[in-house]
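# Secondary and tertiary structure notes
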Amino acid sequence: MPRTSSRKRNSRRIDSTVRVTSNLSPNAPEFIPIANDETTSNQRGNIVIQSMTFCASSSTSNSSGNNSNSNHEASTKVSSIPDALKNKGQRDLLINLLNECRVDCVICYERAKNVEQIWNCRNCYQIMHLKCIIVWFIKSHRNAVWRCPACQSEMTGKPKYVCFCGTLPNPYHNNVDIPHSCGQVCGLQRKNSNLNYNDCHHKCTLLCHPGPCPQCVVQVLRSCGCGKKRVYAQCGQSTQIVCDNVCLKKLNCQIHECEKICHADSCEPCNKGCPQMCYCGKSERQVPCTLENAMVMYYSCGNLCEKKLSCENHLCQKMCHVGQCDPCIALSVNRCPCGKRPLTEDELGTRTLCTQPIPTCDLPCGKPLECGPPENPHLCEQKCHEGPCVRCELKTKYVCKCGSRSKEIKCNSVTSELTCKKKCNKMMSCGKHRCMTMCCNAQEHICTRTCNGLLNCRIHRCDRVCHTGSCATCYEASFEELYCRCGNSFISPPIRCGTRPPLCTLPCSREHECGHPATHICHDEEECPPCIALTEKLCFGGHELRFAIPCHIKNVSCGMPCGIPLPCKRHTCTKPCHAPPCNTGPCRLPCNLPKSDCSHPCSKPCHDGSCPSIACKIMVSVSCICGNLTEARICSDPKVVEYRLQVKTQSMSFLDNIVDSSPIIKSYKILECTTECAKLERNRRIALALQIRNPDLSPNVTPRYSDFMKEFAKKDAPFCSYVHEKLAELVTNAKQSKQNSRSHSFEVMKYEKRKLIHEYSEHFGCESVAYDAEPNRNVVATALKEKSWLPNYSVVEVVQRESGCPRVNPFASIQKRNTVILNKKL
């Protein structure tokens, strides 16, 4: 249905028309809107249709077009039409609007043309498009009952296009008759606003017309309220006919007469009291004077009669009753109290008064008592006696009310029913809750709780008694359009409760804090999806600016150490970049302050003040004087401490007692040299004198090359020989040089060749380091004068020996190699 231009054009008419917008179900029992002042509404010249509102239930629709009179009581009236539109006010207004083609449909707010099919409500007389009311009927009817969009009165059956009087379906439009009418006499029942006279059978004589029929004006003979006077009046006259005489009608008691002046409504109930006395004569009461109460003079007060019996000694113990009291039964006794022995004639003759005791026997009473098992109750063990028996001293096994517990109790101590503290815990009728009653003996456990479960709309809750299965469907409905958030899309009423707003394809129109344009469509959720626009944000610690960060991510970490100083002022936070605070507790990092004696870090948990004086546990390297023997010892070893003090003393004497810090000792020479050290020193001197191979190695020792080096030598022997020669030349130059070390830079090569050089350098006692990045990475080998040596055999020679080649003289090989190296040097 169009909602653009027509909505703007009819905005003034919409404000002047009463629209019922309540969340009512189409099957609701009644609807009571607020009546509007239609006297003011008739003064507006542009009004299209006046909505008829009602001040009572509209559940009973008048199919003949007649409305109930305005003076009907609230329990029986159907509708009430304002005085401004009674009789011909609304009817003439509708006729003029139809002739001028200015009637608006209250559903679509479009003009209802005279050539279009319409539907006319027989309760409020509103005119609507037939196609609109059909859509309304399809969406809102439940169980063949639906409501009028204007007055909300209940309707039955599918709406059809008929004339106003309902006799001609699909009336033909002409320029003579009223649009949508049949042109014949209306013939519907006339209005009669006086409900006291329901004998009006006159028909409407106007031509088929919209709106209500006029009131009946036929002169008929009417009686006054008391019936003593008869006058002529209009059949539909609303004014009551009364006279000046006293009413004198019988009241509801049919005894007294009405003393008011003649009146049209019913006489009031009799307000005179009717006295009544109870049978025993102890109390009296006043009851309303009615036909039933006037015939009753006595009543039962419910108390004990307590009249003296014929014996003049005892009182009647019956409730207040009719008639005489029963005779005293104490004189008619012919047996002893226990009933085992009949009284003799002498005993009966001597007992002339009811107050005299009844002769007893010497036998036990034997009457069954209230205690004991039901199938074998206890018997009274006293001798024959008058009066009630007392409970015995025996014990009886009593079972609790639910039957789950039993206990033996003395009969004379039982005062009430025995109950236990066991909870029933049986499933109740709803199948959801369990009975929590203590000592329950109920046969059926009916759940009396309210369900209170969420209905399918997820808004309202179920008000039924707790039940099995799922809750019923929410029948609440709205008769207003349901719009999306931006107002572009809507759903036409009626709308079931819980219906989600319609889907809208336009971008979200809400304002966002970040200021970026919305990339999502209109939605009904309270919060918008997170913004995904890429931004630049600084990390937590301010180390670097991160790029391409989604806007909704507020916290960014760069992964670098935090670096913020801790409260101890000695350490910095080592955690990855994070949100503050770093660490609120005491610092647990190791203390890095150097000790005064050995200069090693303290390594104790961070502390205030000076470091504790404890033995240092750090391992240091110790060796002999020549450096051949090495091992690791703890820093607090007595010999290490003694050597450190000795070095410190020598340093102080050398610097003339001006010492700023402890000397740094790389190796502690505290070990004693052995015969092996002397042998190596002798070999070294001989080698230097003869200029031969490394004196540190025995000629019978074969280097243990790795499998990788052996496999590589099999594939590329020339390259392995080249590396061996370069390293041997480097070591020889380092031995003969005045410097402590010599270096050689190999050319750029691949990873496997660099790996071979690294492993080969270890067998020469050289250090190897790779520099630059791929693919320009190369290796630099460094030979130390005192630590480097020459291996006995190259990797190529070891591979040849393992392959079966004859063994060569190692000394000849070394001599030849050294000769070649020296010749190249010259």
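Parameters and conventions
- Residues numbered from 1 in each chain as written.
- Predicted model: local features only at pLDDT ≥ 70, side-chain atom pairs only at ≥ 80, totals over all residues.
- Heavy atoms only, no water.
- Helix = DSSP H or I, 4+ residues; strand = E, 2+ residues; numbered from the N terminus.
- Buried < 20%, exposed > 50% of the residue type's maximum accessible area, 1.4 Å probe, protein only.
- Contact = heavy atoms within 4.5 Å.
- Areas by Shrake-Rupley, 256 points an atom, 1.4 Å probe, with all protein chains shown as cover.
- Phe/Tyr/Trp six-rings, centres within 6.5 Å; stacked < 30°, edge-to-face > 60°.
- Lys NZ or Arg CZ within 6 Å of the ring centre and 35° of its normal.
- Pairing = 2+ DSSP bridges.
- Disulfide = S-S within 2.5 Å.
- Patch = residues over 30% accessible without salt bridge, like charges linked within 9 Å, V, L, I, M, F, W, Y side chains within 5 Å.
- Salt bridge = Lys/Arg side-chain N within 4 Å of Asp/Glu carboxyl O.
- Core = buried A, V, L, I, M, F, W, Y, C linked by side-chain atoms within 4.5 Å.
- pLDDT = per-residue confidence, 0-100.
- Axes fitted to C-alpha atoms, helices over the stretch in contact; angles between N-to-C directions.
- Parallel < 35°, antiparallel > 145°, perpendicular 65-115°, else oblique.
- Nonpolar A, V, L, I, M, F, W, Y, C, P; charged D, E, K, R; others polar.
- Left-handed = near helix turned anticlockwise from the far one by under 90°.

## Side note on the overall build of the protein
- Each helix and strand in the protein was counted, giving 14 helices and 23 strands.
- Here the protein holds 826 residues, and the buried ones make up 36% of them.
- Restricting the contact set of the protein to residue pairs at least 6 apart, pairs at least 24 apart contribute 40%.
- Summed over all atoms, the accessible surface of the protein reaches about 50800 Å², with 53% contributed by carbon and sulfur.

## Comments concerning the packing of aromatic side chains
- The tally for this structure, following the rule as stated, stands at 11 aromatic pairs.
- Residues Phe137 and Trp146 carry aromatic rings whose centres are separated by 5.8 Å and whose planes lie at 75 degrees to one another, so their mutual orientation is edge-to-face.
- Under the relative-accessibility criterion, Trp146 is labelled buried at 1%.
- Ring geometry for Tyr483 versus Phe490: centroids 5.5 Å apart, planes at 40 degrees, classification tilted.
- On the basis of relative accessible area, Phe490 is assigned to the partly exposed category, the value being 29%.
- What links up through ring pairs into an aromatic cluster is the set Phe708, Phe712, Phe719 and Tyr722.
- Above the face of the Tyr299 ring, Arg285 is positioned so that its terminal group lies 3.9 Å from the ring centre.

## Overview of the pairing of strand E23 (residues 778-784)
- The element E23 is extensively covered by neighbouring structure, given that five of its seven residues are classed as buried.
- Here strand E21 (residues 741-745) pairs with E23 via five bridges, running antiparallel. Paired with Ser745 across the bridge in E23 is Val780.
- Pairing between strand E22 (residues 767-771) and E23: five bridges, direction antiparallel. Its bridge partner lying in E23, Glu767 is registered against Thr782.

## What about the state of the cysteines?
- If you walk through the whole model with that rule in mind, you get zero disulfides.
- In this structure Cys226 is not part of a disulfide, and its nearest cysteine sulfur, from Cys243, lies 3.4 Å away.

## Let's talk about a nonpolar patch on the surface
- Taken together, Val246, Leu248 and Ile261 make up a surface patch of nonpolar side chains, about 240 Å² in accessible area.
- Checked against the element boundaries, Leu248 lands in the loop between strand E6 (230-234) and strand E7 (273-278).

## Thoughts on the side chain of His523
- Along the chain, His523 falls in the loop between strand E15 (495-496) and strand E16 (534-538).
- If near-sequence neighbours (up to four positions away) are discounted, His523 is found in contact with Arg485, Cys508, Arg510, Cys528 and Pro529.

## A closer look at the sheet that holds strand E8 (residues 284-288)
- In space, the three strands of this open sheet follow the order E8-E7-E9, with mixed pairing throughout. This sheet does not close on itself; its edge strands, each paired only once, are E8 and strand E9 (298-299).
- Summarising the sheet, E7 and E9 pair through two bridges and their orientation is parallel. Bridge pairing in E9 places Met277 opposite Tyr298.

## Some points on the sheet that holds strand E19 (residues 630-634)
- On the basis of which strands lie adjacent, the open sheet formed by three strands has the order E19-E18-E20 and mixed pairing. Two strands in the sheet have a free side with no partner beyond their single neighbour: E19 and strand E20 (668-669).
- In this sheet, E19 lies alongside strand E18 (residues 619-623) in antiparallel orientation, the contact comprising five bridges. Its bridge partner lying in E19, Ser623 is registered against Thr630.

## Observations concerning the pairing of E8
- Of the pairings in the sheet, the one linking E7 to E8 comprises five bridges and is antiparallel in character. Paired with Gly273 across the two strands is Pro288, which belongs to E8.
- Linkage of E7 to E8, two consecutive antiparallel strands, is achieved through a turn of five residues, within which Gly281 is found at a positive phi near 80 degrees.

## Section: the nonpolar core
- Residues Ile107, Trp119, Met128, Ile133 and Cys148 are the most contacted members of the largest nonpolar core, which totals 38 residues.
- Looking at this core, the element that brings in the most residues is helix H5 (residues 130-140), giving six residues.
- Counting residues in each nonpolar core, the second largest holds 28 residues, with Met709, Ala713, Leu730 and Val799 among its members.

## Describing the confidence of the model for the protein
- Averaged over all residues, the pLDDT of the protein is 78; the fraction at 70 or higher stands at 81%.
- Confidence drops under pLDDT 50 across residues 1-87; counting only partners more than four residues distant or on other chains, this segment forms 185 contacts.
- Under a pLDDT of 50 for its full length, residues 807-815 has, in the predicted model, nine contacts with residues more than four places off or in other chains.

## Some points on the packing of helix H10 (residues 707-715) against helix H13 (residues 795-802)
- Closest axis-to-axis distance for the H10/H13 pair is 9 Å, and the angle between their directions is 85 degrees. Comparing the axis directions of H10 and H13 gives the class roughly perpendicular. Residue-level contacts link Met709, Lys710, Ala713 and Lys714 of H10 to Val795, Val798, Val799 and Glu802 of H13.
- Classifying every residue of the contact of H10 with H13 by side-chain character gives five nonpolar, no polar and three charged.

## A closer look at the packing of helix H11 (residues 717-736) against helix H12 (residues 751-763)
- Remark: H11 packs on H12, axes separated minimally by 11 Å, with the N-to-C direction vectors making an angle of 45 degrees. In terms of axis orientation, H11 runs oblique to H12. At the point where H11 passes H12, the crossing takes the right-handed sense. Within the contact between the two elements, H11 uses Phe719, Cys720, Val723, His724 and Leu727 and H12 uses Lys753, Leu756, Ile757, Tyr760 and Ser761.
- Looking at the contact of H11 with H12 residue by residue, the class counts come to seven nonpolar, two polar and one charged.

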